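Understanding the architecture of this molecule
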Amino acid sequence: MVSLRRSAARIAAAVVSLAMALGMTVGLGAAPAQAKTMSAKLSIDRNPQPGGKYPVTINVWIPMNEYDSHGYYNNGARMLVRFFADDPLFDALLSPFANGTGFEKTWFRNDPGYTAESDGIHLRYQFLAPGRELDEDPSDWLGNNYRDEIYFTVMFIDGDGVTSISNSNVATGYFCCR
């Protein structure tokens, strides 16, 4: 009777050990491939175009291998961008997209500027933003013009809804509504 219990306990321990080994070998419970740190860069040309619109360029790069970049891209990954004023107390949300009517823009697979490449996922996008939207620190009643500080936040959202967030550099200048 004692040897039967010992044998059953040994078999149970062996089964548990085998299940754990198979789980680790097969990858059960393993975390999916994760993107490395995002690089987000903003540049705003300080010379307005006709109509008081400023050329804005955003560049986002998420470094990863080609297999992962195409996997994320082809399985629903998207990027969402929002612009903010960089202020001491409160960073106000800006609406530079679509002539000042859009607070955010989302890129999906095959949207212009959003690509999966051999070195990762990229978002390269240029547009004209209305000066009135970039003029986040307007002149006061004495006529003092204050420098504007703008940045964007990018959210990379994979097909399962897992989100990575990064902020761009702060672009500064005196933007106005000519």
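Here's what I pulled together on the structure shown here. (Residues numbered from 1 in each chain as written. Predicted model: local features only at pLDDT ≥ 70, side-chain atom pairs only at ≥ 80, totals over all residues. Heavy atoms only, no water.)

The next point concerns the nonpolar core. Core analysis: the largest hydrophobic core is formed by 34 residues, its most contacted members being Ile58 and Phe83. Among the secondary structure elements, those contributing two or more residues to this core are strand E1 (39-44), strand E2 (53-63), helix H2 (66-74), strand E3 (78-85), strand E6 (114-117), strand E7 (120-130) and strand E8 (148-157). Excluding residues that lie within four positions of it along the chain, Ile58 makes contacts with Lys41, Leu42, Val81, Phe83, Trp107, Leu123, Arg124, Tyr125 and Phe152. (Core = buried A, V, L, I, M, F, W, Y, C linked by side-chain atoms within 4.5 Å. Buried < 20%, exposed > 50% of the residue type's maximum accessible area, 1.4 Å probe, protein only. Helix = DSSP H or I, 4+ residues; strand = E, 2+ residues; numbered from the N terminus. Contact = heavy atoms within 4.5 Å.)

Below, the discussion takes up the packing of aromatic side chains. Counted according to the given criterion, the structure contains 11 aromatic pairs. Measuring from ring centre to ring centre gives 5.1 Å for Tyr73 and Tyr114, while their planes differ by 50°; the resulting arrangement is tilted. Here Tyr73, found in helix H2, pairs with Tyr114, found in strand E6; they are 41 residues apart in sequence, far enough to count as distant. In terms of burial, Tyr73 and Tyr114 fall into one category: buried. (Phe/Tyr/Trp six-rings, centres within 6.5 Å; stacked < 30°, edge-to-face > 60°.)

So, about the pairing of E1. Side-chain alternation along E1 places Ala40, Leu42 and Ile44 on a buried face and Ser39, Lys41 and Ser43 on a face that remains uncovered. Bridging between E1 and E2 involves six bridges; their strand directions are antiparallel. Following the sheet pairing, Ile44 is matched in E2 by Val56. (Pairing = 2+ DSSP bridges.)

Quick look at the pattern of salt bridges now. Under the defined criterion, the tally for this structure stands at three salt bridges. A salt bridge links Glu104 to Arg82; the shortest N-O distance between them is 2.6 Å. Placement of Glu104 in strand E5 (residues 104-107) and of Arg82 in strand E3 is noted, with a sequence separation of 22 residues between them. A residue is classified by how much of its surface remains accessible, and Glu104, at 38% relative accessible area, is partly exposed. We classify Arg82 as partly exposed; its relative accessible area is 27%. (Salt bridge = Lys/Arg side-chain N within 4 Å of Asp/Glu carboxyl O.)

Two strands pair when backbone bridges link them, and E8 and strand E9 (residues 163-167) are joined in this way by five bridges, in the antiparallel orientation. For Phe156, the partnering residue across the bridge sits in E9 and is Ser164. Taking the residues that link successive antiparallel strands as the turn, the E8-E9 hairpin has five residues, and the phi of Gly161 there is positive, at about 90°.

The residue Asn167 is located in strand E9 in this model. Overall, Asn167 belongs to the partly exposed group, its relative accessible area being 46%. Filtering out sequence-adjacent residues up to four positions away, Asn167 remains in contact with Ala40, Tyr151, Phe152 and Thr153. A polar atom in the side chain of Asn167 sits 2.8 Å from the side chain of Thr153. (Polar contact = N/O pair within 3.5 Å; in protein donor to acceptor, adjacent residues only side chain to side chain.)

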